[in-house]
Amino acid sequence: MTTARYAALLLPSANRVYAEASLGLLAAELEILAGIAGPDRVRDVATDHLGGVPYVTFVADDLGEREVRLLANASTLYALFRVEGDALHPVAAPRLDRLDDDLVTIPKYAGKTNEQFTRLLLNVTVAASASADQMLDRPLRVLDPVCGRGSTLNQALLYGYHASGIDVDAADVEAYATFVRTYLQRKRLKHTVSFGPLRRDRKVLGKRLEATIGLTKEAFKAGDVRVLDVVVADTRRVGEFFRQGSFDVVVGDLPYGVQHGSRGAKGDLQRGPLDLLTSAVPAWTAMLRPGGAMGLAWNTHVAPRAEAAAVLAGHGLEVVDAEPYLRLRHRVDQSIDRDVLVARRPATGRAAR
Ligand SMILES: C[S@@+](CC[C@H](N)C(=O)[O-])C[C@H]1O[C@@H](n2cnc3c(N)ncnc32)[C@H](O)[C@@H]1O
């Protein structure tokens, strides 16, 4: 058995996002990703300074190529090294990314969920789901029930997953549709795309953006495409647009209860996230496959963790209330203290509706 010590270097930009919380968040995320490979695959996770530079360090026995490929996806990991004495040996850590990462970095707008945090949220949710061990192997199905201008959808597509979303704000979805169209053309990715009224029984129910994307030309020709499907409608109606029990994960960054930018008329949207959660969780839960997981980020200033967790548990979900998931909370700014709740739909039996 080879026991080795590793050092993970943080992306320089992580400090801008999370300030002093960044190392702790990377440590927690690495532990969660390692947990996909098995219990206690990494131990003695700590923060350390090597040559005056901060690192997250850990110890692992016989760390295999597949485990490294899991860890490589940590949202703020810049580089991984094996530590021998004073020397750092680079470890090749290829990310899962199937498209260029400018897909998640180009969009910039008020109210955007930061792309590193979005990746973390998706990672930790997938890790808690029954699909975790297929994270690297299969196009998972991701639903963001409050998708805004598509940060989660883009991250899902970056991983080569299928992405579905719903948001009540038509302007957000329209802006996202424009971005997607331009991006796919500019990158010369083979695709189909449409954005128009969604009709049923001659009634207009909302608007829908639909795209099919080939990760390569050959894949597109062979009909191997990723599906992007976004609806403008109230999230509580999600069951009218997407098939029940069809998503591996439901991932969303809930409204923060603070106004972003100057768009006033969000009406109903500005109610607390707890109200939204209470009324929408039954519909969101029904979207999950058995064993699927829901990962939600929200502002603890407007809803305490225990109350949000109680809503999820009240609908038959198993809340992951254990280490290292309890170490994901961090301050965003004066008005936002963000936390992450992850919960699983039981693998057998039906979740309460
Ligand atoms: C924090 S934002 C999500 C931002 C998104 N992750 C992004 O980066 O573009 C929360 C979103 O929830 C949406 N929302 C709030 N209430 C909703 C409802 N009842 N139905 C659908 N969407 C809702 C808002 O329109 C807003 O876009």
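- Under an unreviewed UniProt entry, the protein chain has the name Putative RNA methylase family UPF0020 and belongs to Isoptericola jiangsuensis.

**What to know about unusual backbone geometry**
Thinking step 1. The omega torsion across Glu 323 and Pro 324 is -10 degrees, close enough to zero to call that bond cis.
Thinking step 2. Locating Pro 324 in the fold gives a position in the loop between strand 13 (318-319) and strand 14 (330-333).
Thinking step 3. At Ala 19, a residue that is not glycine, the phi angle is positive and equals roughly 50 degrees.
Thinking step 4. In this structure, Ala 19 sits in the loop between helix 1 (14-18) and helix 2 (22-37).
Thinking step 5. By relative accessible area, Ala 19 is classed as partly exposed at 35%.
Thinking step 6. In this structure, Arg 188 is a non-glycine residue whose phi angle is positive, near 55 degrees.
Thinking step 7. With respect to the element layout, Arg 188 can be found in the loop between helix 7 (170-186) and strand 8 (191-200).
Thinking step 8. Looking at Arg 188, the relative accessible area reads 74%, which means it is exposed.

**Examining the pairing of strand 12 (residues 288-299)**
Thinking step 1. Judged by how many residues are buried, strand 12 sits mostly within the fold: 10 of 12 residues are covered.
Thinking step 2. With six bridges joining them, strand 11 (residues 247-253) and strand 12 adopt parallel strand pairing. Looking at the pairing, Asp 253 lines up with Ala 297 of strand 12.
Thinking step 3. For strand 12 and strand 15 (residues 336-344), the ladder comprises seven bridges, and the chain directions are antiparallel.

**Notes on helix 10 (residues 305-314)**
Every α-helical turn comprises 3.6 residues, leaving residues that sit three or four positions apart pointing alike.
Thinking step 1. Along helix 10, the positions that sit buried rather than exposed are Arg 305, Ala 308, Ala 309, Val 311 and Leu 312. The buried residues of helix 10 occupy one face: seen down the axis, they fall within an arc of 155 degrees. Residues of helix 10 that are exposed and point more than 90 degrees away from the buried face comprise Ala 306 and Gly 314.
Thinking step 2. Tucked inside the fold, the buried residues of helix 10 contact helix 9 (273-287), strand 12, strand 13 and strand 15.
Thinking step 3. Just past helix 10, the residue Gly 316 takes up positive phi, approximately 85 degrees.

**Some points on the domain arrangement of the protein chain**
Thinking step 1. Domain annotation for the protein chain reports domain 1 (3-91) and domain 2 (102-344).
Thinking step 2. A C-alpha centroid distance of 27 Å is found between domain 1 and domain 2.
Thinking step 3. Facing the 20 residues of domain 1 at the interface are 20 residues of domain 2.
Thinking step 4. When domain 1 packs against domain 2, the two sides together hide about 1,800 Å² of surface, and 62% of this comes from carbon and sulfur.
Thinking step 5. Taken together, the links from domain 1 to domain 2 amount to two salt bridges.
Thinking step 6. In this structure, Asp 137 and Arg 66 form a salt bridge, with 2.8 Å as the shortest nitrogen-oxygen distance.
Thinking step 7. Taken together, the connections running from domain 1 to domain 2 amount to nine residue pairs in polar contact (both at pLDDT 80 or more).

**Examining the packing of aromatic side chains**
Thinking step 1. One pass over the full model with this rule turns up six aromatic pairs.
Thinking step 2. Ring centres 6.3 Å apart and planes at 75 degrees place the aromatic pair Tyr 55 and Phe 81 in the edge-to-face group. Taken as a pair, Tyr 55 in strand 3 (residues 53-61) and Phe 81 in strand 4 (residues 77-84) lie far apart in primary sequence, 26 residues in all.
Thinking step 3. Overall, the relative accessible area of 15% leaves Phe 81 in the buried class.
Thinking step 4. Among the aromatic side chains, those forming a connected cluster through ring pairs are Tyr 176, Phe 179 and Tyr 183.
Thinking step 5. Geometry around Phe 247 places Arg 141 over its ring, the cationic atom sitting 4.5 Å from the centre.
Thinking step 6. Sitting above the plane of the Phe 117 ring, Arg 338 keeps its charged end 3.7 Å from the centroid.

About the criteria used
- Residues numbered from 1 in each chain as written.
- Predicted model: local features only at pLDDT ≥ 70, side-chain atom pairs only at ≥ 80, totals over all residues.
- Heavy atoms only, no water.
- Helix = DSSP H or I, 4+ residues; strand = E, 2+ residues; numbered from the N terminus.
- Buried < 20%, exposed > 50% of the residue type's maximum accessible area, 1.4 Å probe, protein only.
- Pairing = 2+ DSSP bridges.
- Arc of directions from axis to C-beta.
- Contact = heavy atoms within 4.5 Å.
- Domains from an automatic or database assignment.
- Buried area = accessible area lost by both parts, 1.4 Å probe.
- Salt bridge = Lys/Arg side-chain N within 4 Å of Asp/Glu carboxyl O.
- Polar contact = N/O pair within 3.5 Å; in protein donor to acceptor, adjacent residues only side chain to side chain.
- Phe/Tyr/Trp six-rings, centres within 6.5 Å; stacked < 30°, edge-to-face > 60°.
- Lys NZ or Arg CZ within 6 Å of the ring centre and 35° of its normal.

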